Amino acid sequence: MTQSVPVHYTLRPVSPDAHLFEATVTVTHPAKDGQVFFLPAWIPGSYMIREFSKHIVEMEARAGGKPVALRQLEKNRWQAAPAKGALTLRYLVYAFDLSVRGAYLDGERGFFNGTSVFLAVEGYEGEPCAVDIHEPESKVYAGWKVATSLPAVDVKKKSGFGAYQASNYDELIDHPVEMGEFQKVSFKACGVPHEFVVSGRFQGDLKRLAEDTKKICEYQIKLFGEPAPFDRYVFMLFVGKDIYGGLEHRASTALVANRDDLPAPGATDIGDGYLKLLGLISHEYFHSWNVKRMKPAAFTPYDLNREGMTRLLWAFEGITSYYDDLTLVRCGLIDEKRYLGLLAETITSVQRGAGRLKQTLEQSSFEAWTKYYRQDENSPNSIVSYYTKGSLAALALDLLIRRDSKGKQSLDDVMRALWSKWLADGKGLEEDEWEKIAIETTGLKLKPFFDLALRSTQDLPLAELLKSQGVELKFEAAQGASDRGGVVDAFAGKPAPLTLGVKAAADAVGVKLVQVLDGGAAQQAGLSGGDVVVAVYKLRAYDLDKQLVRLSAGDKIKLHAFRRDELMTFDVAPQAAPEDTCRLKLEADGGKWIAGR
């Protein structure tokens with residue numbers, strides 16, 4: 001197949017120390033009036049224009065052994081002069097993005113998404129293509145191997161370097177590639193082979209990681225119904241320091257996390273770091289159904305040159321965020337109380353943002369490209385996350401369906417109906433179609449709920465709906481910056497401490513105000529996000545919560561802060577902390593929905 005396909009790529013880590021991949025693309029029959037090539041401006045699953053073309057260092061074209069002129073048409077499009085016979089472009093790509101969205105190469109490892117390295121051949125996007133992935137030439141890299149879910153044609157058994165194929169360009173860019181001296185563990189979930197590849201420096205129990213991940217995978221496969229929508233699946237995890245994230249693909253996922261989040265050898269508990277990693281794994285795997293296959297019509301097909309605007313991201317990201325932690329309970333990794341603790345933190349994070357009163361979930365979805373993915377110091381005051389509030393909308397919808405159907409139906413039934421539709425027609429969902437299918441599946445009058453949850457800025461009726469499932473919700477004042485809410489046996493009703501109404505971080509010369517919240521004492525005194533507080537009532541600023549603890553209501557203090565390089569003085573009257581921190585209390589025999597009962 002690699003010799004007969006109309007488009008053929010090669011990819012070589014030509015200079016790891018300089019972070020350079022060398023790529024070629026050969027078109028057997030280029031357009032007679034001059035073949036056009038383009039590199040995607042964004043990657044599906046991450047809704048921001050990223051301009052991957054900026055990393056192309058040099059480019060040349062040849063046909064029949066002779067140079068062919070290239071002309072740049074736009075920021076990410078080039079056209080070759082008319083050529084006879086096969087046309088080949090050779091180009092270098094700078095790869096030093098440690099995230100899951102781009103490409104990375106150094107002396108330790110290589111990683112790439114096709115959107116960063118494979119130029120699309122205009123007019124041939126739907127045609128089969130082949131790619132040869134080469135190993136670095138130096139013997140220093142003799143131990144390097146390849147991990148990818150891209151279908152193999154002729155690869156070295158030990159290393160995986162060699163020839164791969166894809167049925168079209170969309171498939172080619174939907175299988176990221178990891179290379180290096182990684183560790184691998186394998187397992188089967190519902191009979192489907194899975195691989196978990198971990199790179200980076202770490203000490204961790206990969207056998208336990210595989211066992212726990214298998215539970216997640218089998219639960220989700222059975223939720224939608226066997227067989228799984230892929231024949232093989234690959235998890236690719238890079239571990240380092242202070243990193244976190246994931247990006248879903250049709251038969252794999254790319255993950256980054258802190259090395260300490262891996263389960264320690266010999267440990268049997270699930271610490272907070274490992275729990276966070278399991279939640280990330282669960283989230284990205286759920287996307288195998290919810291967004292990689294079931295997806296908005298705006299994404300079918302993807303237009304990789306410009307934004308794909310949709311009001312449905314709340315359904316594809318928010319609902320996935322609801323099921324990621326729920327899966328951990330239902331597959332037996334955590335109990336109901338641990339889950340409710342995670343839920344309380346999510347409710348708190350939404351409640352604390354004034355943006356929830358200004359932006360609807362549909363607006364949040366539609367404006368993801370310009371607002372959610374381009375946040376600044378005022379974002380908590382102006383936007384709401386379609387991930388977090390979307391997950392709470394999914395929770396509310398699930399509880400509403402269970403309550404009004406008297407336990408006969410749930411959100412699970414809606415998800416399975418959506419999956420059945422996709423299996424039948426393979427089409428994307430129109431903007432109003434998700435709601436219609438939910439109403440048809442349940443037979444319930446859900447439009448008032450959708451109008452409130454998706455198209456208004458009213459708070460969701462979570463207290464009422466949770467009460468119907470034996471869980472009591474109450475908002476209390478936070479007892480410090482680390483208080484994000486949680487599960488309680490009884491509501492304490494502690495007095496509200498004084499606060500400035502800011503999110504702060506340590507700074508070399510004091511305390512930096514990362515965000516100043518609407519209506520808070522800091523905002524009323526004139527402080528802004530980015531200001532660095534250096535002194536609190538003539539004492540060095542080091543921990544604002546601790547430095548306010550001896551004050552009483554009505555006291556005023558002077559703060560000295562740098563804005564840029566200018567020292568300013570502010571008179572601030574700290575306020576009682578608002579009641580925006582969620583406490584959940586599980587009643588006797590309550591919370592049955594959590595375990596799927």
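A brief look at the structure comes next. Bear in mind the structure is a predicted one, so any value in this text is a computation, not a measurement.

### A word on the overall build of the protein
Right, so step 1: Check the secondary structure of the protein and you find 15 helices and 32 strands.
Right, so step 2: In terms of C-alpha radius of gyration, the protein reaches 26 Å, essentially the compact-globule figure of 25 Å for 597 residues.
Right, so step 3: At a minimum sequence separation of 6, the contacts of the protein that also span at least 24 residues come to 69%.
Right, so step 4: Per element, the accessible surface of the protein, about 25,900 Å² overall, is 49% carbon and sulfur.

### Digging into the packing of aromatic side chains
Right, so step 1: Across all of its chains, the model carries 35 aromatic pairs by this definition.
Right, so step 2: An angle of 10° between the planes, with centres 4.9 Å apart, marks the rings of phenylalanine 286 and tyrosine 323 as stacked. With phenylalanine 286 in helix 4 (residues 272-286) and tyrosine 323 in helix 5 (residues 313-330), the pair connects residues that are 37 residues apart, well separated along the chain. Here phenylalanine 286 and tyrosine 323 have matching classes, each one buried.
Right, so step 3: An aromatic cluster of at least three residues, connected via ring pairs, comprises Phe196, Phe224, Phe230, Tyr233, Phe235, Tyr285, Phe286, Trp289, Tyr322, Tyr323, Trp419 and Trp422.
Right, so step 4: Positioned over the ring face of tyrosine 244 is lysine 276, at 4.3 Å from the centre of the ring.
Right, so step 5: The ring of phenylalanine 366 carries arginine 311 above its face, with NZ or CZ at 4.3 Å from the centroid.

### Structural notes on helix 9 (residues 388-404)
Right, so step 1: Spanning 17 residues, helix 9 covers 24 Å between terminal C-alpha atoms, matching the ideal 24 Å at 1.5 Å per step.
Right, so step 2: The buried fraction of helix 9 amounts to 14 of the 17 residues, a majority that puts the element mostly inside the structure.
Right, so step 3: At the C-terminal side of helix 9, lysine 406 shows a positive phi close to 55°.

### Re the sheet that holds strand 14 (residues 152-155)
Right, so step 1: Across the sheet, eight strands lie side by side as 5-4-8-2-1-12-15-14; this open sheet has mixed pairing. Each having just a single partner strand, strand 5 (66-68) and strand 14 make up the two edges of the open sheet. Along the sheet, successive strands turn relative to each other by an average axial angle of 25°, direction set aside.
Right, so step 2: Bridging between strand 12 (residues 129-133) and strand 15 (residues 162-166) involves five bridges; their strand directions are antiparallel. Along strand 15, the bridge assignment pairs alanine 130 with glutamine 165.

### Side note on the packing of helix 5 against helix 10 (residues 411-425)
Right, so step 1: Orientation of helix 5 relative to helix 10, taken along the N-to-C sense of each, is 115°, at an axis distance of 13 Å. Handedness of the helix 5/helix 10 crossing: left-handed. Across the interface between the two elements, Ile319, Tyr322, Tyr323 and Arg330 from helix 5 touch Leu411, Asp412 and Met415 from helix 10.
Right, so step 2: The class makeup of the residues in the contact of helix 5 with helix 10 is five nonpolar, no polar and two charged.

### Observations concerning the state of the cysteines
Right, so step 1: Within the structure shown, the criterion is met by zero disulfides.
Right, so step 2: For cysteine 217, which is in no disulfide, the shortest distance to another cysteine sulfur is to cysteine 190 and amounts to 8.8 Å.

### Structural notes on unusual backbone geometry
The bulk of non-glycine residues show a negative phi, and the bulk of peptide bonds are trans.
Right, so step 1: At the junction of glutamate 226 and proline 227, the peptide bond is cis and its omega measures out at 5° in the coordinates.
Right, so step 2: Here proline 227 shows up in the loop between helix 3 (206-224) and strand 19 (233-240).
Right, so step 3: Cis rather than trans, the peptide bond between threonine 300 and proline 301 has omega equal to -5°.
Right, so step 4: Position of proline 301 relative to the elements: it lies in the loop between helix 4 and helix 5.
Right, so step 5: Of note, histidine 19 is a non-glycine position whose phi angle comes to about 65°, a positive value.

### Quick word on a nonpolar patch on the surface
Right, so step 1: Taken together, the side chains of Val57, Tyr94 and Phe96 define a hydrophobic patch exposed on the protein surface, amounting to about 280 Å² of accessible area.
Right, so step 2: Positionally, tyrosine 94 belongs in strand 8 (residues 87-94).
Right, so step 3: According to the relative accessible area criterion, tyrosine 94 is partly exposed, its value standing at 36%.

### Re the side chain of serine 99
Right, so step 1: Structurally, the position occupied by serine 99 is in the loop between strand 8 and strand 9 (103-105).
Right, so step 2: A distance of 2.9 Å separates a polar atom in the side chain of serine 99 from a polar atom in the side chain of aspartate 97.
Right, so step 3: Separated by 3.1 Å, the side chain of serine 99 and the backbone nitrogen of arginine 101 make a polar contact.

### Some remarks on helix 4
It helps to recall that an α-helix has 3.6 residues per turn; residues three or four apart then point in one direction.
Right, so step 1: End to end, helix 4 covers 21 Å across 15 residues, agreeing with the expected 21 Å (1.5 Å per residue, within 8%).
Right, so step 2: Counting buried positions along helix 4 yields 12 of 15 residues, so the element is predominantly enclosed.
Right, so step 3: When helix 4 is considered as a whole, its buried residues turn out to be Tyr274, Leu275, Leu277, Leu278, Gly279, Leu280, Ile281, Ser282, His283, Glu284, Tyr285 and Phe286.

### Points about the packing of helix 9 against helix 12 (residues 447-455)
The relative placement of two packed helices is expressed as an angle between their axes plus a distance between the axes.
Right, so step 1: Where helix 9 meets helix 12, the closest approach of the two axes is 11 Å, and the angle between their N-to-C directions is 165°. Classified by the interaxial angle, the pair formed by helix 9 and helix 12 is roughly antiparallel. Where helix 9 crosses over helix 12, the handedness of that crossing is right-handed. On helix 12, the residues touching Lys389, Ala393, Ala396, Leu397 and Leu400 of helix 9 are Phe449, Phe450 and Ala453.
Right, so step 2: Broken down by class, the residue content of the contact of helix 9 with helix 12 amounts to seven nonpolar, no polar and one charged.

### What to know about the nonpolar core
Side chains of a nonpolar character, in soluble globular proteins, are inclined to be buried together.
Right, so step 1: Core analysis: the biggest nonpolar cluster contains 162 residues, and Trp434 and Trp593 have the highest contact counts within it.
Right, so step 2: Here tryptophan 434 is in contact with Leu312, Trp314, Ala315, Ile319, Leu397, Leu411, Val414, Met415, Leu418, Leu429 and Phe450, once residues within four sequence places are set aside.
Right, so step 3: Within the second largest apolar cluster, 19 residues are counted, among which are Val511, Val516, Val533 and Phe570.

### A short note on the pattern of salt bridges
Side chains that differ in sign of charge can pair as their charged atoms come close.
Right, so step 1: As enumerated under the stated definition, the model contains 44 salt bridges in all.
Right, so step 2: Aspartate 589 is the partner of lysine 592 in a salt bridge, and the nearest nitrogen-oxygen pair spans 3.2 Å.
Right, so step 3: Residues participating in the shared-partner salt-bridge network are Arg12, Glu22, Glu58, Glu60 and Arg90.

Cut-offs used in this document
- Residues numbered from 1 in each chain as written.
- Predicted model: local features only at pLDDT ≥ 70, side-chain atom pairs only at ≥ 80, totals over all residues.
- Heavy atoms only, no water.
- Helix = DSSP H or I, 4+ residues; strand = E, 2+ residues; numbered from the N terminus.
- Rg over C-alpha atoms; globule rule 2.2 N^0.38 Å.
- Contact = heavy atoms within 4.5 Å.
- Areas by Shrake-Rupley, 256 points an atom, 1.4 Å probe, with all protein chains shown as cover.
- Phe/Tyr/Trp six-rings, centres within 6.5 Å; stacked < 30°, edge-to-face > 60°.
- Buried < 20%, exposed > 50% of the residue type's maximum accessible area, 1.4 Å probe, protein only.
- Lys NZ or Arg CZ within 6 Å of the ring centre and 35° of its normal.
- Expected span 1.5 Å × (residues − 1).
- Pairing = 2+ DSSP bridges.
- Axes fitted to C-alpha atoms, helices over the stretch in contact; angles between N-to-C directions.
- Left-handed = near helix turned anticlockwise from the far one by under 90°.
- Nonpolar A, V, L, I, M, F, W, Y, C, P; charged D, E, K, R; others polar.
- Disulfide = S-S within 2.5 Å.
- Patch = residues over 30% accessible without salt bridge, like charges linked within 9 Å, V, L, I, M, F, W, Y side chains within 5 Å.
- Salt bridge = Lys/Arg side-chain N within 4 Å of Asp/Glu carboxyl O.
- Polar contact = N/O pair within 3.5 Å; in protein donor to acceptor, adjacent residues only side chain to side chain.
- Parallel < 35°, antiparallel > 145°, perpendicular 65-115°, else oblique.
- Core = buried A, V, L, I, M, F, W, Y, C linked by side-chain atoms within 4.5 Å.

Keep in mind these numbers describe shape, not what the thing actually does.
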